[in-house]
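Listed here are the chains, written in short residue letters.
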Amino acid sequence: MVTCALGIAALQAAPAQAAEEKTGTYAAAAAPTTPPAQICGNTALLTGPATAPQGAVTVPKGDNTGFNFSQAGATYWFAPGEHTFGTGLYSKIVPGTGATFVGGPGAILDGKNLNLFAFESDAENVTIRYLTIRNFGTGKSNGDEGVINHGNADGWVVDHNTIQNNDGAGVMIGSRSVLSYNCIKDNGQYGFSMFQDPIESDSAIKNIVVDHNEIAGNNTDDWESIIPGCGCTGGAKFWDVNGAKVTNNWVHDNKSVGLWADTNNIDFLFEGNYIDHNDDEGLFYEISYNATIRNNTFKRNAWVKGVRNTGSPAPAIYLSESGGEPRLASTISGSTKLRVYGNAFEDNFSGVSIFESANRFCNSYGNTSTGYCTPLVAPTLVRKPAGEADTAYPEPRTFAHPCYTQISQEPYKTDCRWHAKNVEVTDNEFRFNPAAVPCTGTYCGANALIASGANNISWAPWTVGDIQNAVMYNNGNVFANNHYYGPWKFAKGYGETISWDTWRAAPFNQDQGSTSDQGPPPDVANVLDAATATLEGTGTGTWGVWFSAALAQSTAAAHGGTHSLEIKATAPDGWGATVSAFPGNAITPGDKTVRLWAKGATGTTVAPKLTIKWLNVNQETLQTDIVQLPALTTTWQQASANFAAPSGTTTVWAYLTGPGTVGTTLYVDDISIGDTP
């Protein structure tokens, strides 16, 4: 099987990219175009060995009540067929340390909605694979509890299983655990979750891997209606984890959030996931730190939440009081920032929301993570006053804690808050078609940089305005170099929406270097004249034939305005057109951005390239750069690249070339060469 060949150790040790890497140019092409983990019903992946492994204990089908499953280090092979555990509420498998449980073809553990849990033990390093585990729980039971690894024991490996129709969570996860190649669907509360008692000045759970799972349709019991506002549902819930690789999963159609990391999670990598059509947010990263979210696909998320609650951003990615913190070591994410890059977003209710509640901080009534403080303050746990039991205090505010007694002084003024800070949203592709999304309210089709709350905590040293200004202007939160398709808008402050131009202008200065198909490329001081750049003047400007081409100003297609340049091949061996006559246009050395839009006519599949030559005063070529266009279709596509014009550059000469038979036709428009904004 695939995972066995790869090896669990390889999953745990897969390297992160270098710390603080610079992402460079647009990279959303690396996001998956199809689900990477089509596990449910995939017998090639889910079928176990037909005979018992050497030395294994065979477990016959039928009622396994009383079977001894507690031998340390033993391997158990479940014969094909259905396995049950009698009528006892707590009848279950209690593994020994290092035990392995393997299913034969079609082996099923069925709780019959009589048994609460399938596997429960404090034993470490247990392995469970090739089993169908279903119908545990007795009807909306197991709230915040799990069917597999009920005790959150460490070092468990759960792979190649079907885990479905159970109450509560299908799986609980402890430190050093791996969850891979499973179908986890239609469970009552979560697909998987985790919780261990909090540890002062440390994380409760460390170093977990969640790879190549299909996580679908979970929260069938709608726990938010059972406990209103509990924040206790979804495909997955991570809690108080330091170090997680969440890669190559298909997370879809969950009846709440897809993936939810809540409370003091640190150092996460979300990569290569396909997150689609979840009722609420696709990915929710809440009061947590230092994550890299790269090369994922987000489609059609948060439609239900967006329609149900028009006062919520309902984004594909919700970054709530979360950000980068350089004082917290991070190796898996490769960064002490919170980075969102190289992702593809398509027809979600909204895009990425960076949010902070002014009333949510350690020891405030707004801190719904009762008993927890930030990892930057000792004590990190809010406990009862002296003389009472030494447990996490159920009332979030205790007057002896420094986040009450000294909160107006540093470091507590800074460190008692979870901040939306040091967030970078770059090099993503945002697509939004309002006709395809059930839009309502102001947030539909928006990216957001917002804060809210009320000035009703008399002892708090900040106002809502202070937090809004910090989030919008002072916390290092940046959108840049993204590519927008469709009528996107942008939310600021309390959530007021503003236009593309306002978002990009002072004082916000967001999305520098980004593009939108709603108008010509912004913010480049173009060295080309307007007629050449936009084809809206007389004729073709300074465009000229280089070889085997016929050029014309055309109204048959236009990206911006009403005209474009039509290029038609006149020979079978390719064609060429110059943007400007040699030696080109005057330009200075330094960082430059080159952009153009192109589309093909019917049947055109050529992929042209724009060659840029930087020349000195003697008209000698100092450097040659290439802007490679994609294979053209009948839809306008943009090519954009950044270059450094070398020292001594005085002019730039550009020409467009491509393959094609006689009559091959394409259009180009909105061409710019100029200083990088």
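Residues numbered from 1 in each chain as written. Predicted model: local features only at pLDDT ≥ 70, side-chain atom pairs only at ≥ 80, totals over all residues. Heavy atoms only, no water.

Quick look at the UniProt feature "domain: Right handed beta helix" (unreviewed entry) in the protein chain now. UniProt annotation of "domain: Right handed beta helix" (unreviewed entry) refers to residues 148-311 when read in the numbering used here. In residues 148-311, helix accounts for 6% and strand for 45%; the two terminal C-alpha atoms are 37 Å from one another. (UniProt positions renumbered as here; feature names shortened; annotations may be inferred. Helix = DSSP H or I, 4+ residues; strand = E, 2+ residues; numbered from the N terminus.)

A few words on the domain arrangement of the protein chain. The figure often quoted for interface size is the accessible area lost as the parts come together. For the protein chain, the assigned domains read domain 1 (55-516) and domain 2 (530-675). Its C-alpha centre places domain 1 at a distance of 47 Å from the equivalent point of domain 2. (Domains from an automatic or database assignment.)

Turning to the nonpolar core, a few remarks are in order. Within the largest apolar cluster, 103 residues are counted, with the highest numbers of intra-cluster contacts made by F101, F119, F192 and F238. For this core, the element with the most residues is helix α8 (residues 464-474), which contributes four residues. The next biggest cluster of nonpolar side chains, apart from the first, holds 33 residues, and it includes A533, W575, F643 and I671. (Core = buried A, V, L, I, M, F, W, Y, C linked by side-chain atoms within 4.5 Å. Buried < 20%, exposed > 50% of the residue type's maximum accessible area, 1.4 Å probe, protein only.)

Below, the discussion takes up the sheet that holds strand β41 (residues 564-569). The pairing of strands in a sheet happens through backbone hydrogen bonds and is either parallel or antiparallel. Spatially, five strands are ordered β40-β41-β49-β44-β47 in an open sheet, and the strand pairing comes out antiparallel. Every other strand in the sheet has two partners, leaving β40 (549-554) and β47 (637-645) as the edge strands with one partner each. Averaged over all adjacent pairs, the angle separating strand axes in this sheet is 30 degrees, with direction ignored. Note: β40 against β41, six bridges, orientation antiparallel. In the sheet register, S554 faces β41, and the bridge partner there is S564. (Pairing = 2+ DSSP bridges. Axes fitted to C-alpha atoms, helices over the stretch in contact; angles between N-to-C directions.)

Attention shifts here to the environment of V210. Position of V210 among the secondary structure elements: in strand β16 (residues 205-211). When the C-alpha positions of V210 and N182 are compared, they lie 9.8 Å apart, and in sequence the two are 28 residues distant. In contact with V210, not counting residues within four places along its chain, are I173, L179, F192, F238, K245, V246, T247 and N249. (Contact = heavy atoms within 4.5 Å.)

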